[in-house]
Amino acid sequence: MQPLSPPADSALDLIGRTPMLELTGFDTGLCRLFVKLESANPGGSIKDRIARSMIEAAEADGSLKPGGTIVEATAGNTGLGLAQVGVLKGYRLLLVVPDKMAREKIQHLRALGVDVRITRSDVGKGHPEYYQDMAQALAETLPNAIYINQFANPANPLAHETTTGPELFEQMGGDIDAMVVGVGSGGTLTGLGRYFARVSPKTRMILADPQGSILAPLVETGETIEPGSWVVEGIGEDFVPPNCDLSLVAKAYTIPDRESIAAARLLLTRAGVLGGSSSGTLLAGALRYCREQTVPKRVVTLVCDTGSKYLSKVYNDQWLAEQGLTDRRLHGDLRDLIARAASDGAAVTVGPDDTLLTAYNRMRQADVSQLPVLDDGRLVGLIDESDLLEAVEDRRAERRFTQPVSAAMTARLHTVQAHEPLERLLPIFERDEVAIVLEGREFLGLITRIDLLNYLRRES
């Protein structure tokens, strides 16, 4: 057994030297597939490496002074890395984050004391609310502030050229046939590509890119497509970052969100590794590459970050259903709009004899504002936040939440049948009600305004 390392003096000393794992039980054709677990960095992602590199470079050239503010545009992980390093070094952090980012990342950043500014994810470069333009503009207005700019900062690819690459080469015994990466800022691709070009020319750089990003089509066809949208976080771009050297890419794969999510979840169930959405994209691309090979090869990719930052998305069946990213059976009627179906046990309900405290706790836990009341599987009422408030506001403190749900619920219900047209929902929502969907007398679930919006967005 290898001796354990002695205690580190700082979490900064724990960045890098991450472990590797060979994936078995996957269909890799003739190839062997390995992953480097960058999720083991103290900030939970590969971005800890570039954060330390960029901050130390700014300190060295004098652009970042003691007590200064670091400003960055980030999909979350670079921001977390910058906070992980910057807070320990005594700097303030102001991060501009697109509004599609997982809430776990936002909560993590704010727990570190970071000033997080959330901006639009539906605008492109040149728009004042585009996250990079907004970050640069903010940095120019703040005293003693620096825009770290991972997209053009040379210390970004340098981190991978000098740490990630040598570690991979050592751990793989100098034998890597293909390295599968994604591109967010381009630092990983460029840094690793430069390193392997120098020490291992046989190593091919393979790009796994979300569908909607312009990068894979640019590599494969030379054409610049109109950027689309994708739910995978941290990789994919609507422009080619200055740090991104696409000439290093030997082959590129376009990976749909559905395939990325499925691969991330497969990584958990087959290998016991909880990875993020971009890790799913890389794994999907690596599996495609492996299966195409006609001779055995040693293929490496990355678990870019921990999936604990995506529990509300990638590992949330309800969210996946809302995004249309599951193989859910469609009925062609109002059942297709129900996010939490009673038939599969997803509906959050209470019984008439449950206490108001039980109803309150279930609303909070499930992040819903109303609950169907079922008695032996039969719908007998509905209780919402206004019913709860009315029932408890005039009661003595010790008795407020001890009343039964039946004392506060609404028993006169307006229901719709599953086969009724979509237009039937509109007057219900105009009355500030939710749609209670039945098939005959069987309760199927609820439809809210956001469920209708999700459905219309998926259909557009």
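It should be noted that the structure appears before, not after, this text.
As the structure is a computational prediction, the values presented were derived from the model and not from experiment.

Calculation criteria
Residues numbered from 1 in each chain as written. Predicted model: local features only at pLDDT ≥ 70, side-chain atom pairs only at ≥ 80, totals over all residues. Heavy atoms only, no water. Pairing = 2+ DSSP bridges. Helix = DSSP H or I, 4+ residues; strand = E, 2+ residues; numbered from the N terminus. Axes fitted to C-alpha atoms, helices over the stretch in contact; angles between N-to-C directions. Parallel < 35°, antiparallel > 145°, perpendicular 65-115°, else oblique. Left-handed = near helix turned anticlockwise from the far one by under 90°. Contact = heavy atoms within 4.5 Å. Nonpolar A, V, L, I, M, F, W, Y, C, P; charged D, E, K, R; others polar. Polar contact = N/O pair within 3.5 Å; in protein donor to acceptor, adjacent residues only side chain to side chain. Salt bridge = Lys/Arg side-chain N within 4 Å of Asp/Glu carboxyl O. Buried < 20%, exposed > 50% of the residue type's maximum accessible area, 1.4 Å probe, protein only. Phe/Tyr/Trp six-rings, centres within 6.5 Å; stacked < 30°, edge-to-face > 60°. Core = buried A, V, L, I, M, F, W, Y, C linked by side-chain atoms within 4.5 Å.

Undergrad: Provide a residue-level description of the sheet that holds strand E6 (residues 145–147), including the pertinent values.
TA: Taken in spatial order, the 4 strands line up as E5-E4-E3-E6 in an open sheet, and their pairing is parallel. The open sheet has two edge strands, strand E5 (115–119) and E6, and neither has a second partner. Between one strand and the next, the sheet's axes are offset by a mean angle of 20°, whatever the strand orientation.

Undergrad: Quick rundown of the packing of helix H1 (residues 47–61) against helix H2 (residues 77–89)? Include the residues and the values.
TA: The geometry of a pair of packed helices is captured by two quantities: the angle between their axes and the separation between those axes. Interaxial distance between H1 and H2 falls to 8 Å at its minimum, and their mutual angle equals 50°. The pairing of H1 with H2 is recorded here as oblique in orientation. The chirality of how H1 crosses H2 is right-handed. Residues Lys47, Asp48, Ile50, Ala51, Arg52, Met54, Ile55, Glu56 and Glu59 of H1 touch H2, and the partners they reach there are Asn77, Thr78, Gly81, Leu82, Gln84, Val85, Gly86 and Lys89. Classifying every residue of the contact of H1 with H2 by side-chain character gives 6 nonpolar, 5 polar and 6 charged.

Undergrad: Could you give an account of the side chain of Gln150, naming the residues involved and the relevant values?
TA: Mapped onto the secondary structure, Gln150 falls in the loop between E6 and helix H5 (155–171). For Gln150, the side chain forms a polar contact with the main-chain oxygen of Ala73, separated by 3.0 Å. When residues no more than four places from it in sequence are discounted, the contact partners of Gln150 are Lys47, Ile50, Met54, Glu72, Ala73, Thr74, Thr78, Asn156, Ser185 and Asn243.

Undergrad: Pulling in residues and values, what's your account of the pattern of salt bridges?
TA: Under the defined criterion, the tally for this structure stands at 24 salt bridges. Between Asp27 and Arg291 there is a salt bridge, and its shortest N-O distance comes to 3.6 Å. Here the residue Asp27 occupies a position in the loop between strand E1 (20–23) and strand E2 (32–37), and Arg291 occupies one in helix H9 (residues 277–292), the gap between them amounting to 264 residues. Its relative accessible area of 44% is what places Arg291 among the partly exposed residues. For Glu129, the salt bridge goes to Arg120, with nearest N and O atoms at 3.7 Å. Residue class for Arg120 comes out partly exposed when judged on its relative accessible area of 33%. Sharing partners across several salt bridges, the network here consists of Lys36, Glu38, Arg49 and Glu167.

Undergrad: Just give me the short version of the packing of aromatic side chains, but keep the residues and values in it.
TA: All chains considered together, the criterion is met by 6 aromatic pairs. Seen from their ring centres, Tyr130 and Tyr131 are 5.2 Å apart, and the 80° between their planes marks the pair as edge-to-face. Comparing Tyr130 with Tyr131 shows no difference in burial state: the two are buried. Relative to Phe196, the ring of Tyr195 has its centre 5.5 Å away and its plane inclined at 70°; by these criteria the two rings are edge-to-face. Comparing Tyr195 with Phe196, the two get one shared label, buried. Taken together, the ring pairs in this structure connect Tyr130, Tyr131, Phe151 and Phe239 into an aromatic cluster.

Undergrad: Got a sec to walk through the packing of helix H11 (residues 356–366) against helix H12 (residues 385–392)? Specific residues and values, please.
TA: Closest axis-to-axis distance for the H11/H12 pair is 11 Å, and the angle between their directions is 145°. Remark: the crossing between H11 and H12 carries left-handed chirality. Facing H11, whose interface residues are Leu356, Tyr360 and Met363, H12 presents Glu385, Leu388, Ala391 and Val392. Taken together, the residues of the contact of H11 with H12 break down into 6 nonpolar, no polar and 1 charged.

Undergrad: With reference to specific residues and values, describe the nonpolar core.
TA: Judged by nonpolar contacts, the single largest core of 51 residues is most densely connected at Leu33, Met179, Leu189, Phe196, Leu283 and Val299. In terms of residue count, H9 provides more of this core than any other element does, 7 residues in total. Every residue in contact with Leu283, bar those within four places of it in the chain, is listed here: Leu23, Phe26, Leu33, Ala263 and Leu267.

Undergrad: Could you give an account of the sheet that holds strand E15 (residues 442–447), with specific residues and numbers?
TA: The strand order across the open sheet built from 3 strands is E13-E14-E15, with neighbouring strands paired in mixed fashion. In this open sheet, the two strands that pair with only one neighbour each are strand E13 (415–417) and E15. Within the sheet, the average angular offset between the axes of one strand and its neighbour, ignoring direction, is 35°. Here 3 bridges tie E13 to strand E14 (residues 435–439), and the two strands are oriented parallel to one another. In the sheet register, Thr415 faces E14, and the bridge partner there is Ile436.

Undergrad: Lay out the environment of Ser200 with the relevant residues and their values.
TA: Examined against the element boundaries, Ser200 turns out to sit in the loop between helix H6 (187–199) and strand E8 (204–210). With a relative accessible area of 5%, Ser200 lands in the buried category. For the pair formed by Ser200 and Gly174, sequence separation is 26 residues and the distance between their alpha carbons is 7.6 Å. At a separation of 2.7 Å, a polar atom in the side chain of Ser200 contacts the side chain of Thr203.

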